[in-house]
Amino acid sequence: MNTIPPFDLSEQFKAIGSEINQAVLEVLASGRYIGGAAIENFEKSFAQYIGSDIAIACNSGTDALFLALRALDIGAGDEVITTPFTFIATAETISAVGAIPVFIDIDPQTFNLDLNQIEAAITPKTKAIIPVHLFGQPVDMTKLMAIADAHQLKVIEDCAQCTGAEWAGKRVGSIGQIGCFSFYPTKNLGACGDGGAITTNDPEIASKLKMLRDHGRYSGYYHEALGVNSRLDAVQAVILQIKLRYLDSWNQNRTRIADRYFSFLSSIPGITPPQALAGGQSVWNQYTIRVHENRDQLKADLLSKGVNSMIYYPIPLHLQPVYKSLGYQPGQLPESDRAAAQVLSLPMFPELSEEQQDQVIYSLKDCLIR
Ligand SMILES: *Cc1c(COP(=O)(O)O)cnc(C)c1O
């Protein structure tokens, strides 16, 4: 029996490997491995794709968030409102700059921040909000920007899982003050290694970001601020440049797969499939269902039928050991706790075949309809 993986990059490489090989060999032969035209060209193409004035490449999505917080002068004593139902990097970087993550609960339909709870969490120390467009599903940015603007808060969009997603006709990452992207291989636009990018329309923020990513210097050996070394390699830049041309068609495949999942799964008892929010266009980084009871047993049963599913995320951040000192208790953010107990992400990648998808669907039916 062939086990269907949650994610598989080998088919994609079969399709575009010759293009990638050629571009990588050109970089290797050029001797220019760091900086240069490859990076600048990718930054231009990426900014244009997102619909932002400027894009700045960096080493990872985590670095993108860290640099964004630093560029907005967020640090010790500041509070940043965010979601606990996300990958650790979202909150980890808030803590890394010395600020405090303030977790609010999620909307059970979208798994994203419950925007109705933001205002109650704002204090005089609040500097920014980091919405995460989780699983590819965009946050209602119209509503979020109205709240942020009314309270003069900055918005850093965590776009790691949603490159190409749109809210009200605009790509996410072009709506808040700063957008942060990850090119980790399993993201919608993935490198062959680590990579990230930051988008903004503000030239001052952009120049600060460039300074911070390059050891805190604007030029030469004069260091203005405490910076970091966070570069995108030329090899990754040329790979991403090629993949960017395919991104829309891959995202369309994901949408087609999500629609097909929905048409079969919505009638199966015991689970709730995800539904895209009106007003936005999801790019389905994950296809995450809710399992009303015995999620872990269903996961094991699926695996025995050759379907490998994943749990993103089993413990919400406010209950992680690392954040024990913040004093959150189980039950305090009940929708996040419930999501962590119920979510199951089914195999989802642009090359998932109908045959593979059928195996996922029939296995779910076998497990749930008795
Ligand atoms: C992947 C991810 C990150 C971090 O990106 P890396 O490139 O792995 O550092 C941040 N936030 C979210 C929501 C992510 O999914």
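Residues numbered from 1 in each chain as written. Predicted model: local features only at pLDDT ≥ 70, side-chain atom pairs only at ≥ 80, totals over all residues. Heavy atoms only, no water.

Going by an unreviewed UniProt entry, the protein carries the name Glutamine--scyllo-inositol transaminase and comes from Leptolyngbya boryana NIES-2135. Recorded under Sequence similarities (unreviewed entry), the UniProt text for the protein is reproduced unchanged: "Belongs to the DegT/DnrJ/EryC1 family." (UniProt positions renumbered as here; feature names shortened; annotations may be inferred.)

Caption draft 1: Fine view of the sheet that holds strand β13 (residues 280-281). Across the sheet, 3 strands lie side by side as β7-β6-β13; this open sheet has antiparallel pairing. Two strands close off the open sheet at either side, each with one partner strand: β7 (170-171) and β13. For strand β6 (residues 166-167) and β13, the ladder comprises 2 bridges, and the chain directions are antiparallel. By the bridge assignment, E166 is partnered in β13 with Q281. (Pairing = 2+ DSSP bridges. Helix = DSSP H or I, 4+ residues; strand = E, 2+ residues; numbered from the N terminus.)

Caption draft 2: Looking closely at helix α1 (residues 10-30). For α1, the principal kink sits at I16 and spans about 70°. Here α1 has its buried residues at Q12, I16, G17, I20, A23, V24 and V27. Looking at the packing, one finds that the buried side of α1 touches α8 (234-265). Directly beyond the C-terminal end of α1, a positive phi value near 75° is found at G31. (Bend = angle between axes of the 7 residues up to and from the residue. Buried < 20%, exposed > 50% of the residue type's maximum accessible area, 1.4 Å probe, protein only. Contact = heavy atoms within 4.5 Å.)

Caption draft 3: Up close: the packing of α8 against helix α11 (residues 354-368). At a minimum axis separation of 11 Å, α8 and α11 run at an interaxial angle of 30°. For the element pair α8 / α11, the angle class is roughly parallel. For the crossing formed where α8 meets α11, the hand is right-handed. Side by side, α8 and α11 meet where I257, R260, Y261, F264 and L265 of the first sit next to E354, Q357, D358, V360, I361, L364 and K365 of the second. Residue composition of the contact of α8 with α11, by class: 7 nonpolar, 1 polar and 4 charged. (Axes fitted to C-alpha atoms, helices over the stretch in contact; angles between N-to-C directions. Parallel < 35°, antiparallel > 145°, perpendicular 65-115°, else oblique. Left-handed = near helix turned anticlockwise from the far one by under 90°. Nonpolar A, V, L, I, M, F, W, Y, C, P; charged D, E, K, R; others polar.)

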